[in-house]
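Take a look at the letters that make up each chain.
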Amino acid sequence: MQAYRFETRISKKGTIQLPFNQQLVDREVEIIIFPKQDLKPNKNAPIDFINKWAGFLSNVDTEDAKFQYLSEKLQ
């Protein structure tokens, strides 16, 4: 069975308009309606971003860690 997907809006009178499709003319169809969720922009403040990611890129001296790793590996 072929499925078709159309995105449309229900008018204030309750009508739905679909694009013309010759394959659907004079045929019974089943209609399932999924209301779209309202996508509101995320209003995070810059401080929220800083608090979330603070310490992710810390100022740890990586050269000492590399030296220690290579010293242990090559012994």
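This report concerns the structure included in the present document. (Residues numbered from 1 in each chain as written. Predicted model: local features only at pLDDT ≥ 70, side-chain atom pairs only at ≥ 80, totals over all residues. Heavy atoms only, no water.)

Moving on, we come to the overall build of the protein. Each helix and strand counted, the protein has two helices and zero strands in total. Taking 2.2 N^0.38 as the reference for a compact globule, 75 residues should give roughly 11 Å; the C-alpha atoms of the protein span a radius of gyration of 29 Å, well beyond that estimate. Once the C-alpha set of the protein is aligned to its principal axes, its extents read approximately 80 × 35 × 15 Å. When each of the 75 residues of the protein is scored for burial, the buried share is 1%. For the protein, the accessible area works out to roughly 8,700 Å², and carbon and sulfur atoms hold 55% of it. Side-chain charges of the protein comprise 11 positive and 10 negative groups, with the mean position of each set lying 11 Å from the other. (Helix = DSSP H or I, 4+ residues; strand = E, 2+ residues; numbered from the N terminus. Rg over C-alpha atoms; globule rule 2.2 N^0.38 Å. Buried < 20%, exposed > 50% of the residue type's maximum accessible area, 1.4 Å probe, protein only. Areas by Shrake-Rupley, 256 points an atom, 1.4 Å probe, with all protein chains shown as cover. Lys, Arg positive; Asp, Glu negative; His and termini not counted. Charge placed at Lys NZ, Arg CZ, Asp CG, Glu CD.)

Turning our eyes to something else, we now look at the pattern of salt bridges. Overall, the coordinates contain two salt bridges when judged by the stated rule. For Glu7, the salt bridge is made with Arg5, and the minimal N-O distance between the two is 3.6 Å. Salt-bridge contacts for Lys36 lead to Glu7; the nearest nitrogen and oxygen are separated by 2.7 Å. Of this pair, Lys36 sits in the segment before helix 1 (46-53) while Glu7 sits in the segment before helix 1, placing them 29 residues apart in sequence. Take Lys36: its relative accessible area is 62%, and that puts it in the exposed class. (Salt bridge = Lys/Arg side-chain N within 4 Å of Asp/Glu carboxyl O.)

Taken as a whole and assessed by the stated rule, the structure comprises one aromatic pair. Where Tyr4 meets Phe6, the ring centres are 6.5 Å apart and the plane angle is 5 degrees; that geometry is what we call stacked. (Phe/Tyr/Trp six-rings, centres within 6.5 Å; stacked < 30°, edge-to-face > 60°.)

A positive phi is found at Asp26, a non-glycine position, where the angle reads about 60 degrees. Here Asp26 shows up in the segment before helix 1. Overall, the relative accessible area of 80% leaves Asp26 in the exposed class.

Nonpolar side chains collect at one region of the surface, where Tyr4, Phe6, Ile10, Ile16, Leu18, Val29, Ile31 and Ile33 lie side by side and expose about 730 Å² of accessible area between them. Checked against the element boundaries, Tyr4 lands in the segment before helix 1. Taking relative accessible area as the criterion, Tyr4 reaches 33% and is therefore assigned partly exposed. (Patch = residues over 30% accessible without salt bridge, like charges linked within 9 Å, V, L, I, M, F, W, Y side chains within 5 Å.)

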